[in-house]
Structures are given as structure tokens and as C-alpha cells.
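Summary of the model geometry
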Amino acid sequence: MLKEFKAFILKGNVVDLSTGVIIGAAFTGIVTAFAKGIVEPLLALFGGGPSPKLTIPLREVSLQVAKMGADGKPLVQGDGTPVMDTVKKIIELDIGSIIGAVISFLITAAVVFFVIVKPINKLMAMTRKKEADAPPPPPPADIVLLTEIRDLLKK
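None of the values given here were measured: they were computed from a predicted structure.

Helix and strand content of the protein: five helices and two strands. For the protein, the succession of helices and strands along the chain, N to C, is α-α-α-β-β-α-α. Excluding contacts between residues fewer than 6 apart, the proportion of contacts in the protein whose partners are at least 24 apart in sequence is 61%. Looking at the protein as shown, the accessible area adds up to about 12,300 Å², and 69% of this sits on carbon and sulfur atoms.

Applying the stated rule across the entire model yields one salt bridge. Asp-151 is the salt-bridge partner of Arg-150, the closest N and O atoms lying 3.3 Å from each other. Residue class for Asp-151 comes out partly exposed when judged on its relative accessible area of 35%.

Of the residues in the protein, 89% reach a pLDDT of 70 or more, and the chain-wide mean stands at 78. Mean pLDDT across the elements of the protein bottoms out in helix α3 (residues 28-47) (72) and peaks in helix α5 (residues 141-154) (89).

Going through the model one piece at a time under the given rule, you end up with one aromatic pair. Judged by centre distance (5.0 Å) and plane angle (80 degrees), the rings of Phe-113 and Phe-114 are edge-to-face.

Looking now at the environment of Phe-105. Structurally, the position occupied by Phe-105 is in helix α4 (residues 95-133). Placed 81 residues apart in sequence, Phe-105 and Gly-24 show a C-alpha to C-alpha distance of 9.4 Å.

The rules behind these values
Residues numbered from 1 in each chain as written. Predicted model: local features only at pLDDT ≥ 70, side-chain atom pairs only at ≥ 80, totals over all residues. Heavy atoms only, no water. Helix = DSSP H or I, 4+ residues; strand = E, 2+ residues; numbered from the N terminus. Contact = heavy atoms within 4.5 Å. Areas by Shrake-Rupley, 256 points an atom, 1.4 Å probe, with all protein chains shown as cover. Salt bridge = Lys/Arg side-chain N within 4 Å of Asp/Glu carboxyl O. Buried < 20%, exposed > 50% of the residue type's maximum accessible area, 1.4 Å probe, protein only. pLDDT = per-residue confidence, 0-100. Phe/Tyr/Trp six-rings, centres within 6.5 Å; stacked < 30°, edge-to-face > 60°.

Now the structure itself:
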């Protein structure tokens, strides 16, 4: 039973599955901290502002929004219609967040590869080598008997 369990654990599917789970969950905190502490400030240098944004502006649009009062409710005119205000908004592509996500993924994948996949592959190669070095098991008695009969018939 222990031999079967060892064979099950060393199957490629189990290693692949565990690797996928780890990529998705275990290193999230470390990678997020790295992205926020190192990658985003570097992107801020290239983006030109204090916030780490590396964007490509596409278009500026004007939107009509209701003015809000201090109590959080919309301001209304005497006839009950809301007081409107014009706000300009820039529509932009956020390249910085894409770069940050790619870097985070690559860091996570590298850590998982060198900490889990590489050692497991080495262990599996050693196991295969031991199996290859072992002498082959003797053939069953019925095969030996049939071989002897065949050899006698050839003579």
C-alpha cells in the first residue's frame, strides 16, 4: 500500500495539480508585497507621478453627474430636479497594472518551479534510475516451461 501511495504522489498529474494550487494561492501575499513595494514605485518613476500609473490616455469625455450635498444626498432645485455638474474624465489604458500582473505571475511561477517542480523531477529521475538498475524479475514458471518446449521442438 505504501508503494502504491508513493507511485500516486510521484505521478506528474499530482505534482501539476499541486503546483497550480500553489501558484493560485500560497504566494499571493509575497508577490503582492513585492509588486506594491518594488514594482509599483519603479513604474511610478516611468509614469511621471507619485502614484504608480503607467497609462495611455485615449480620450477625455465630459459627464453630467448630480451634485451631492454634505449629507450624501443629491442637491435639488426648487422644482425637484437635481443640480447637475459637468465632470471631465479621461479614458485610458492602464499598462502599469498589466505589467505588474505579468511580473507577479513570473515571480510566482519561478519560485514554484525552482522550489517544487525541479526537486520533484529530480526525485522522480532518481526513482526511475533505481528501477532501471534493478535486475528484471524472473519470468513466470509457465513462460519458462513454454520456452523449454519451444527450444526442444526446434531441435
